[in-house]
Amino acid sequence: MNSEKLGFALRPSVFSAPEIEDASGLLDREGRVVAVFIPDGRGGLEAIEVASIILAVTKRIYAGSGVIRLLEHDLTLLLRRVQTIQAFSSNRLILGVGTGTPGPRPRSSVTAMLQRLEELKKTFHVFPLGVEPPELYVATLKSGIARRSVGVADGLLLNFCSPQHARGLIETVKRQMAAPVEFAAYLKIFYSSKSDETARRLLVQEFLNYDTTGPYHEMFMQDGTAGAISEFRNSDDWKHNPVPVPKELLRVSLANPSDDELHRYVQSFRQAGVTLPVPYPYFPADESTEFKRDTVKRILELA
């Protein structure tokens, strides 16, 4: 069995509350899993609150947001929430932050977010003895925000990119690192117990969703995946007919992978310099709890 460490992502809109609690127990017993990230959406369950529940029902793993939009949070209240969770969890909280939708001036949004994060870090000194600052992760797509986050964050969190994109960003950051930084990456994997076609359609739809966001479209252009995505956008055939997923997209994500495909996929990110691969499974809305649980166990065996 591979002995290298792993993270894991549990999305509340994919896993129900009981399923998240059950999966957290599995992950806590798997020694290689060191962190659970909770992606935060605009609605539904809130990531930090979900993380607090995970920390309450586990003994070893770290857990936290992946990521919250820091500029939308009141720092005083956020500080109190972090302090409370750290006090009750043996200091196992992760605070993952990002800008959210950057708007027309993305550089200004990044600057404002990093300034807010610096302000938050300065307030951690008020924590009482025994309560420590959380591990801080910053979501990044481009080398610019990655470089600016060095020295502020404990880790960087990449999303929906190829190993080649990850390698370029990591090599750029390493040239200016004065201290170690964790390089984490979401590895999105789409599953369905019904058919491979269902899993592939979930994959295609996710690419199309992300491609509507400027920074992701730009990354897809650089990554050589934008052309394949545009073919799906220009035709609805994939919604009704068998879906051949282009190899360009399979570098970034997988659908109902075989054991060998899953293992090679995770290793491709490790070889690119990702120190914490974070498998991030998706399922159809009507998928069974049993299949989800079995899939989590299978990922842990093969990743």
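**Q** I keep staring at the pattern of salt bridges and nothing clicks. Help me out?
**A** Where charged atoms from two side chains of opposite charge approach closely, those side chains can pair. The final tally for this structure, using the stated rule, is 17 salt bridges. Across the pair Arg298 and Asp259 runs a salt bridge whose closest N-O atoms are separated by 3.0 Å. Residue Arg298 is located in helix H12 (residues 289-302), and its partner Asp259 is located in helix H11 (residues 259-271); the two are separated by 39 residues in the primary sequence. On the accessibility criterion, Arg298 (24% relative accessible area) is partly exposed. Connected through shared salt-bridge partners, Asp40, Arg42, Arg69 and Glu72 make up one network.

**Q** It is not clear to me how helix H1 (residues 17-29) should be interpreted in this structure. Could you clarify?
**A** Helix length check: H1 (13 residues) gives 19 Å between terminal C-alpha atoms against 18 Å at 1.5 Å per residue, within 8%. Those residues of H1 lying buried are Glu19, Ile20, Ala23, Ser24, Gly25, Leu26, Leu27 and Asp28. At its buried positions, H1 is contacted by strand E1 (6-9), strand E2 (33-38), helix H2 (47-57) and H12.

**Q** Please clarify how the packing of helix H7 (residues 196-211) against helix H9 (residues 226-233) should be interpreted in this entry.
**A** Between two packed helices, what matters for the description is the angle formed by their axes and the separation of those axes. Remark: H7 packs on H9, axes separated minimally by 10 Å, with the N-to-C direction vectors making an angle of 105°. By the criterion of interaxial angle, the relationship of H7 to H9 is roughly perpendicular. For the pair H7 and H9, contact is made by Val204, Phe207, Leu208 and Asp211 and by Ile229, Phe232 and Arg233, respectively. Broken down by class, the residue content of the contact of H7 with H9 amounts to 5 nonpolar, no polar and 2 charged.

**Q** I keep staring at the pairing of strand E5 (residues 93-98) and nothing clicks. Help me out?
**A** Remark: a regular strand shows side chains that alternate across the two faces of the sheet. With 6 of 6 residues buried, E5 lies mostly within the body of the structure. Here E5 shows two buried faces, one formed by Leu93, Leu95 and Val97 and the other by Ile94, Gly96 and Gly98. With 2 bridges connecting them, strand E3 (residues 62-65) and E5 associate as parallel partners. Counterpart to Ala63 in the pairing with E5 is Leu93. Across 2 bridges, strand E4 (residues 68-69) lies against E5 in parallel orientation. Across the sheet, the residue bridging to Arg69 is Gly98, located in E5. Chirality of the crossover, the property in question, places the unit of E4, helix H3 (residues 75-88) and E5 among those that are right-handed. Relative to strand E6 (residues 135-139), E5 is paired through 4 bridges, and the arrangement is parallel. Among the inter-strand pairings, Leu95 is bridged to a residue of E6, identified as Leu136.

**Q** Sorry if this is basic, but what is going on with the environment of Ser13 here?
**A** Checked against the element boundaries, Ser13 lands in the loop between E1 and H1. The exposed category is assigned to Ser13, whose relative accessible area is 62%. Between the C-alpha atom of Ser13 and that of Gly214, which follows or precedes it by 201 residues, the distance is 24 Å. There is a polar contact of 3.0 Å between the side chain of Ser13 and the side chain of Arg11.

Cut-offs applied
Residues numbered from 1 in each chain as written. Predicted model: local features only at pLDDT ≥ 70, side-chain atom pairs only at ≥ 80, totals over all residues. Heavy atoms only, no water. Salt bridge = Lys/Arg side-chain N within 4 Å of Asp/Glu carboxyl O. Helix = DSSP H or I, 4+ residues; strand = E, 2+ residues; numbered from the N terminus. Buried < 20%, exposed > 50% of the residue type's maximum accessible area, 1.4 Å probe, protein only. Expected span 1.5 Å × (residues − 1). Contact = heavy atoms within 4.5 Å. Axes fitted to C-alpha atoms, helices over the stretch in contact; angles between N-to-C directions. Parallel < 35°, antiparallel > 145°, perpendicular 65-115°, else oblique. Nonpolar A, V, L, I, M, F, W, Y, C, P; charged D, E, K, R; others polar. Pairing = 2+ DSSP bridges. Right-handed = clockwise from strand over helix to strand, strands pointing away. Polar contact = N/O pair within 3.5 Å; in protein donor to acceptor, adjacent residues only side chain to side chain.

Take it as geometry only, folks, not as evidence of what the structure does.
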